[in-house]
Amino acid sequence: MYIIAGLGNPSPQYEKTRHNVGFDTIDAIAKKHNISMNMNKHKSVCGTGYIQGQKVLLLKPQTFMNVSGEAVRAAVDFYKIEPQEELIVIYDDISLAVGRLRLRGKGSAGGHNGIKNIIAHLNTQIFKRIKVGVGEKPRGRDLADYVLSRFNREDRERIEEGIEHAVEAVEVILTKDMGEAMNQFNG
């Protein structure tokens, strides 16, 4: 079983913001694969189903971004999965152009507080990640204000494409492996 966690902030005020592309990607996966996000467990909104024959738990932590590790850890412990093998985390990245993807199998938090908290709760930096680019913060703009802002129309189109590619990347990870997904979607 895989746990696929998309990071974001709960409540309507954060919907469709840059920081919520993880949630948006989980919604796109759920829609494409007919998975109902109808459970409230593990401090998350979640749903179980199958993607390409592989059982998955889709997870949208409701703990707010900076403490996402609490929810991820609760699900990992409950299902007794190995995070190094069976966890995929999808989140926003300000160092990538809008809609660009970067997949990694391990690494530091790179300044992302949600990932920093997951690393602290799991006590490992080894888990699969799909970073979705939300664009670089404009000079002089507050970082929190930027990531909690919405996309303009042009960037919204690009991010929708990026989300679509992130869904495809998840499918490749599940049916082939992380290496194949990295070859296909990085760069």
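See the structure shown above.
Below you will find a few notes about this structure. (Residues numbered from 1 in each chain as written. Predicted model: local features only at pLDDT ≥ 70, side-chain atom pairs only at ≥ 80, totals over all residues. Heavy atoms only, no water.)

## Examining the overall build of the protein
- Within the protein one finds seven helices and seven strands.
- Along the protein, from the amino end to the carboxyl end, the secondary structure elements read β-α-β-β-β-α-α-β-β-α-β-α-α-α.
- Relative to the compact-globule value of 16 Å for 187 residues, the protein shows a C-alpha radius of gyration of 15 Å, a close match.
- Counting only C-alpha atoms, the protein reaches 45 × 30 × 30 Å along its principal axes.
- Within the protein, buried positions represent 52% of all 187 residues.
- Pairs at least 24 apart in sequence give 68% of the contacts found in the protein among residues at least 6 apart.
- When the accessible surface of the protein is totalled, it reaches about 9000 Å², and 45% of it is carbon and sulfur. (Helix = DSSP H or I, 4+ residues; strand = E, 2+ residues; numbered from the N terminus. Rg over C-alpha atoms; globule rule 2.2 N^0.38 Å. Buried < 20%, exposed > 50% of the residue type's maximum accessible area, 1.4 Å probe, protein only. Contact = heavy atoms within 4.5 Å. Areas by Shrake-Rupley, 256 points an atom, 1.4 Å probe, with all protein chains shown as cover.)

## Quick notes on the side chain of glutamate 171
- Considering the arrangement of structural elements, one finds glutamate 171 in helix 6 (residues 153–175).
- Among the polar contacts made by the side chain of glutamate 171, one reaches the side chain of lysine 32 at a distance of 3.0 Å.
- At 2.7 Å, the side chain of glutamate 171 and the side chain of histidine 33 are in polar contact. (Polar contact = N/O pair within 3.5 Å; in protein donor to acceptor, adjacent residues only side chain to side chain.)

## What to know about helix 1 (residues 21–32)
- Taking 1.5 Å per residue as the helical rise, helix 1 with its twelve residues ought to reach 16 Å, and the 16 Å between its terminal C-alpha atoms agrees with that figure.
- Among the residues of helix 1, those classed as buried are Val21, Gly22, Phe23, Asp24, Thr25, Ile26, Ile29 and Ala30.
- Where helix 1 is buried, its residues touch strand 1 (2–6), strand 3 (44–51), strand 4 (54–61), strand 5 (87–93), strand 7 (128–133) and helix 6.
- Downstream of helix 1 by one or two residues, asparagine 34 has phi in the positive range, about 55°. (Expected span 1.5 Å × (residues − 1).)

## A few points about the sheet that holds strand 7
- The mixed open sheet is built from seven strands, whose spatial order is 2-3-4-1-5-7-6. For this open sheet the edge positions go to strand 2 (39–41) and strand 6 (101–104), each flanked by a neighbour on one side alone. Strand-to-strand twist of the sheet, defined as the mean angle between neighbouring strand axes without regard to direction, takes the value 25°.
- Pairing of strand 3 with strand 4 involves eight bridges; the strand directions are antiparallel. Each bridged residue has a counterpart across the sheet, and for tyrosine 50 the counterpart in strand 4 is lysine 55.
- Along the sheet face, helix 6 touches strand 1, strand 3, strand 4, strand 5, strand 6 and strand 7 and points at about 165° away from the line of strand 7. (Pairing = 2+ DSSP bridges. Axes fitted to C-alpha atoms, helices over the stretch in contact; angles between N-to-C directions.)

## Here we look at the environment of glycine 107
- By the element assignment, glycine 107 lies in the loop between strand 6 and helix 4 (113–122).
- Distance in space between the C-alpha atoms of glycine 107 and aspartate 177 is 18 Å, their sequence separation being 70 residues.
- Excluding residues within four positions of it along the chain, glycine 107 makes contact with Ile119, Gln125 and Arg129.

## Focus: the packing of aromatic side chains
- For the coordinates displayed, the defined rule picks out two aromatic pairs.
- Look at tyrosine 14 and phenylalanine 64: their rings are 6.2 Å apart centre to centre, the planes differ by 85°, and that puts the pair in the edge-to-face class. Of this pair, tyrosine 14 sits in the loop between strand 1 and helix 1 while phenylalanine 64 sits in the loop between strand 4 and helix 2 (68–79), and the two are 50 residues apart along the sequence.
- Here the aromatic rings of phenylalanine 78 and tyrosine 79 are separated by 4.8 Å at their centres, their planes lie at 80°, and the arrangement is edge-to-face.
- According to the relative accessible area criterion, phenylalanine 78 is partly exposed, its value standing at 48%.
- Residue classification places tyrosine 79 among the partly exposed positions, given a relative accessible area of 23%.
- Here lysine 60 stacks its cationic end above the ring of phenylalanine 23, 5.3 Å away from the centre of that ring. (Phe/Tyr/Trp six-rings, centres within 6.5 Å; stacked < 30°, edge-to-face > 60°. Lys NZ or Arg CZ within 6 Å of the ring centre and 35° of its normal.)

Nothing here speaks to function; it is geometry throughout.
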